[in-house]
Amino acid sequence: MLLCPPDLDPDHIQALLADAEIDAIDTDRPDRYDAGAYLVAGVNVTERAAAGWRTERATEWLMLTSGTSGVPKIVGHTLDGLAGAIVANGPARHPNATWATFYDIRRYGGLQIFLRAVIGGGSIVLSEPGEAIADHVARLRAGGVTHISGTPSHWRKLLMSGAAENFSPRNVRLSGEIADQAVLDGLARAFPHASIDHAYASTEAGVGFAVDDGREGFPVSLDRRNRDGVEMKVVDGSLRIRSHRTAHAYIGTAAPPLADAEGFVDTGDIVELRGERYHFIGRRGGIINIGGLKVHPEEIEAVINRHESVRMSRARSRKSPITGAIVVADIVLADGVDADRQQTIRAEILARCKDSLAAYKVPAVIRFVDRLDVTAAGAWLCRHRTDQVPERRRSTAHRRPERVAPSARGRRRCFHGRVSPRRRRPQHHRHHSDCRRRQHRLIARRQTCTLAAHRLLH
Amino acid sequence: MSVRSKIFAAMQQIAEEQKVKLPPLLDDLSLHDTGFDSLAFAILVARLEDDLRIDPFTIAEDAAFPSTVGEFVRVYENVPA
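Just so it is clear, the structure is predicted and the values come from calculations on it, not from any experiment.

How each quantity is defined
Residues numbered from 1 in each chain as written. Chains lettered and ligands numbered in written order. Predicted model: local features only at pLDDT ≥ 70, side-chain atom pairs only at ≥ 80, totals over all residues. Heavy atoms only, no water. Helix = DSSP H or I, 4+ residues; strand = E, 2+ residues; numbered from the N terminus. Buried < 20%, exposed > 50% of the residue type's maximum accessible area, 1.4 Å probe, protein only. Pairing = 2+ DSSP bridges. Phe/Tyr/Trp six-rings, centres within 6.5 Å; stacked < 30°, edge-to-face > 60°. Contact = heavy atoms within 4.5 Å. Buried area = accessible area lost by both parts, 1.4 Å probe. Salt bridge = Lys/Arg side-chain N within 4 Å of Asp/Glu carboxyl O. Nonpolar A, V, L, I, M, F, W, Y, C, P; charged D, E, K, R; others polar. Polar contact = N/O pair within 3.5 Å; in protein donor to acceptor, adjacent residues only side chain to side chain. Axes fitted to C-alpha atoms, helices over the stretch in contact; angles between N-to-C directions. Expected span 1.5 Å × (residues − 1).

## Remarks on the environment of Pro129 of chain A
All names here are of chain A.
Phase 1: With respect to the helices and strands, Pro129 occurs in the loop between β7 (123-125) and α5 (133-142).
Phase 2: Looking at Pro129, the relative accessible area reads 32%, which means it is partly exposed.
Phase 3: Sequence separation of Pro129 and Pro6 is 123 residues, and the distance between their C-alpha atoms is 7.5 Å.

## Notes on the pairing of strand β14 (residues 238-242) of chain A
Residues and elements named next belong to chain A.
Phase 1: Among the five residues that make up β14, four are buried, leaving the element largely enclosed by the rest of the structure.
Phase 2: Relative to β14, strand β13 (residues 231-235) runs antiparallel, the two sharing five bridges. For Met232, the partnering residue across the bridge sits in β14 and is Ile241.
Phase 3: Turn length for the β13-β14 hairpin, with the two strands adjacent in sequence and antiparallel, is two residues, and the turn residue Asp236 shows positive phi of about 50°.
Phase 4: Taken together, the three bridges between β14 and strand β16 (residues 265-274) define a ladder with antiparallel strand orientation.

## Thoughts on the packing of aromatic side chains
All names here are of chain A.
Phase 1: With the rule as written, the count across this model stands at 13 aromatic pairs over all chains.
Phase 2: Taking the centre distance of 5.5 Å and the plane angle of 40° together, the rings of Phe218 and Phe280 count as tilted. A residue pair is termed long-range when its members are at least 10 positions apart, and Phe218 in strand β12 (residues 218-219) and Phe280 in strand β17 (residues 277-283) qualify at 62 residues.
Phase 3: Members of the aromatic cluster, joined through ring pairs, are Tyr200, Phe209, Phe218, Tyr278 and Phe280.

## Here's the deal with the interface of chain B and chain A
Phase 1: Taken together, the 24 residues of chain B in the interface contact 27 residues of chain A.
Phase 2: Carbon and sulfur atoms make up 65% of the area that chain B and chain A hide from each other, which totals about 2000 Å².
Phase 3: Ranking the residues of chain B by area buried against chain A places His32, Leu39 and Phe65 of chain B at the top, with a combined share of 31%.
Phase 4: Scanning the region where chain B abuts chain A turns up two salt bridges.
Phase 5: Between Arg318 of chain A and Glu49 of chain B there is a salt bridge; the shortest N-O distance is 3.0 Å.
Phase 6: Looking at the side of chain B that touches chain A, the elements with two or more residues in it are α2 (38-52) and α3 (56-59) of chain B.
Phase 7: Tallying contributions element by element places α2 of chain B first for the side of chain B that touches chain A, with ten residues.
Phase 8: Partitioning the side of chain B that touches chain A into residue classes produces twelve nonpolar, five polar and seven charged.

## Looking at the side chain of Arg277 of chain A
Residue and element names in this part refer to chain A.
Phase 1: Position of Arg277 among the secondary structure elements: in strand β17.
Phase 2: Within the local environment of Arg277, its side chain forms a polar contact with the backbone oxygen of Glu216, the two atoms lying 2.8 Å apart.
Phase 3: Each residue touching Arg277, except ones within four places of it in the same chain, is listed here: Val211, Asp213, Arg215, Glu216, Gly217, Phe218, Pro219, Val220 and Glu272.

## Description of unusual backbone geometry
Residue and element names in this part refer to chain A.
Phase 1: We note that Glu21 has phi near 55°; this positive angle belongs to a residue other than glycine.
Phase 2: Tracing the sequence through the fold places Glu21 in the loop between α1 (13-19) and β2 (22-27).
Phase 3: A positive phi is found at Asn166, a non-glycine position, where the angle reads about 65°.
Phase 4: One can find Asn166 in the loop between α6 (152-161) and β9 (171-174).

## A closer look at the sheet that holds strand β8 (residues 147-150) of chain A
All names here are of chain A.
Phase 1: As summarised here, the arrangement of the six strands in space is β7-β6-β8-β9-β10-β11, forming an open sheet in which the pairing is mixed. The two strands at the open ends of the sheet, each matched to only one other strand, are β7 and β11 (206-211). Neighbour to neighbour, the strand axes of the sheet diverge by 25° on average, direction disregarded.
Phase 2: In this sheet, strand β10 (residues 195-202) lies alongside β9 in parallel orientation, the contact comprising four bridges. Pairing of Arg173 across the sheet is with Asp197, part of β10.

## A look at α2 of chain B
Phase 1: Over its 15 residues, α2 of chain B runs 20 Å from end to end, which matches the ideal 21 Å to within 8%, given 1.5 Å per residue.
Phase 2: In the segment just after α2 of chain B, Arg53 of chain B is the residue with positive phi, at about 65°.

Listed below in structure tokens is the structure:
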């Protein structure tokens, strides 16, 4: 079952359907799919009669990586792995909890909260794409939300909205980005009666750990212990995690290996040891994390470099107290370009970026410089404007070197399509019985799911 | 040009770039009601840092997150030189 979040680029859907070997699509946009090629179910589509099919295979939960350049990677999980952190905590640990998340539940961080609610028997107040923060918080308050999670950017947005007043959750969790001391302190002031923790989790590495001492970073002792079956180590500065909560593979015809030979997933998150604590300092390869969405600098540079007055450019991350990071671009103008035209060129480049890139990828600040320096870490190599198609994107060989495990041909997957922003009801599993049987683990919990759904608050 | 004027000028420019219709900037206007989203505020703070050479949200350990335009301006005005 491939879960597709609402911000999925429609241009990428066909490639994903092929890579995940999808047979059945559950969608609110049935017009987008070829009913001859797929079994299409969903809004206003009559369900076909059940076909006879049996399988003992457990549902494979497929999720998409966020904010990657080009087609997102498909990451395969099992329900056991997804629920690993929930079971480790003990479902009864949070009695009478009403859950909420600023994430979409089709993203890893949101699915964790959804599963906590259905497994633990609580209720959940869903998020809705595009909803104003004040309206969202009003629903959270009306629903009596006690436990809520989001990225530091989500939380900063809430703190700055003034909507946090009269909202008093018992537990506040941050994940998905670096939780700095300012946001931790801001939340402690706003929610003096709440426990506040920040968790490390990613779509690939699963839930790693949670820290609840109110300080940024994580204690080095976590690195040396095997806690709840989670092992961590730091190699070449990046955090590696091995546990049964990690995804088991990337899915696709030429998917790269997800873990190393020892089963450790390299998170790509670079940490630095300061005293007895590791601090996150950024992503390997200059990848920029903006509010939990990853941005590849080459993608931005390629757009900038197309401008005829640009000789070369560098897009990089700059720390932001609001969104964790923002994109800034340093640009070297071509020889002979009149410096008086800088304002015009800046406006033209910004306009082109806006036309070609998602809003969060458009440089917040553009600086014209005489030359580009290699960063202290040596991470950046000069990308000249003739390299208009970034090397990393042009060559897929290193990204997808070998097919690791041949996928079992004939296995059938279903695809949960995008949900329109206005759709308020939870998705029920309306696809054909073949698919349902394969989801027996999920179905086993359907009773709980339905009970929770009845209490959904909007 | 005062800090307040610089902040308002930067907000006007970002509003234009982001196609946001900025209401009259009064002290008690909630930041939410400016129409700026998180990204717009991140851009504003970055550009003000370049212009004023200060980022009060990063340097002050106890910087409270402002919720109105007046509070936002005061955060900048109150940064010791």
